[in-house]
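# Inside the fold
As a plain string of letters, each chain reads:
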Amino acid sequence: MKKILFASIIATSLMTTSAFAATDAKPVSQWTCEDFLAIDDAFYPTAIGAAEIITQKGKVEDPTLDISGIETSTPLIVEACEKAPKESFIQKVEAHLKKM
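First things first, this report covers the structure right here in the doc. (Residues numbered from 1 in each chain as written. Predicted model: local features only at pLDDT ≥ 70, side-chain atom pairs only at ≥ 80, totals over all residues. Heavy atoms only, no water.)

### Focus: the overall build of the protein
A count of helices and strands for the protein gives five helices and zero strands. In the protein, which comprises 100 residues, the proportion classed as buried is 25%. (Helix = DSSP H or I, 4+ residues; strand = E, 2+ residues; numbered from the N terminus. Buried < 20%, exposed > 50% of the residue type's maximum accessible area, 1.4 Å probe, protein only.)

Okay, here's the thing in structure tokens:
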């Protein structure tokens, strides 16, 4: 009985490890809208905030955030990304900021 329990624990840990190894983590500066839409909805404002301070070259442009602006921008950026999921997430955020 102990051998079965031990074997199942090892098998479970190996499956968990391989699931994490398969994750392709990219910096926000390289995200497509598809990558953005794949995260949990609760993290949309955080991702948009990170994208607002990053230029296309991946460098910090302005380290200040307009938190109230993020709240109003989030649904608009989500909508824009849903229309064009293969396009750059950073470019969508930058385009929205230019409109403001």
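Continuing now.
### Examining the state of the cysteines
Per the counting criterion, the structure on display carries one disulfide. Between Cys 33 and Cys 81 runs a disulfide, and the two sulfur atoms are separated by 2.3 Å. Note on the Cys 33 and Cys 81 pair: the S-S dihedral is about -50°, so by sign convention the disulfide is left-handed. Placement of Cys 33 in helix H2 (residues 33-38) and of Cys 81 in helix H4 (residues 67-83) is noted, with a sequence separation of 48 residues between them. The exposure class of Cys 33 is buried, given its relative accessible area of 0%. Classification of Cys 81 as buried rests on a relative accessible area of 0%. (Disulfide = S-S within 2.5 Å.)

### Things to note about the packing of helix H3 (residues 44-52) against helix H5 (residues 89-99)
Where H3 contacts H5, the two axes come as close as 9 Å, and the packing angle between them is 80°. Considering the angle they form, H3 stands roughly perpendicular to H5. In this structure, H3 contributes Ala 47, Ile 48, Ala 51 and Glu 52 to the contact, and H5 contributes Phe 89, Ile 90, Val 93 and Leu 97. Per-class residue counts for the contact of H3 with H5 are seven nonpolar, no polar and one charged. (Axes fitted to C-alpha atoms, helices over the stretch in contact; angles between N-to-C directions. Parallel < 35°, antiparallel > 145°, perpendicular 65-115°, else oblique. Contact = heavy atoms within 4.5 Å. Nonpolar A, V, L, I, M, F, W, Y, C, P; charged D, E, K, R; others polar.)

### Describing the packing of aromatic side chains
Under the counting rule described, the total for this entry stands at three aromatic pairs. Taken together, a centroid distance of 4.5 Å and an interplanar angle of 35° make the contact between Phe 36 and Tyr 44 tilted. Side by side, Phe 36 and Tyr 44 carry an identical accessibility label, which is buried. Both rings, one in Phe 36 and one in Phe 89, keep their centres 4.4 Å apart while their planes meet at 15°; by these two values the pair is stacked. Note that Phe 36 is positioned in helix H2 and Phe 89 in helix H5, a separation of 53 residues in sequence. For the pair shown, Phe 36 and Phe 89 are each scored as buried. Members of the aromatic cluster, connected to one another through ring pairs, are Trp 31, Phe 36, Tyr 44 and Phe 89. (Phe/Tyr/Trp six-rings, centres within 6.5 Å; stacked < 30°, edge-to-face > 60°.)

### Focus on the nonpolar core
One finds Val 28, Phe 36, Ile 77 and Phe 89 to be the most contacted residues of the largest nonpolar core, which totals 16 residues. Ignoring sequence-local partners within four residues, the contact set of Val 28 consists of Ala 47, Ala 50, Ala 51, Ile 54, Phe 89 and Ile 90. (Core = buried A, V, L, I, M, F, W, Y, C linked by side-chain atoms within 4.5 Å.)

### Looking at the packing of H3 against H4
Put simply, H3 and H4 touch, their axes get as near as 10 Å, and they point 95° apart. Compared by their axis directions, H3 and H4 come out roughly perpendicular. Between H3 and H4, the contacting residues are Tyr 44, Pro 45, Ile 48, Gly 49 and Glu 52 on the first element and Ile 70, Thr 74, Ile 77 and Val 78 on the second. In terms of residue class, the contact of H3 with H4 is built from six nonpolar, two polar and one charged.

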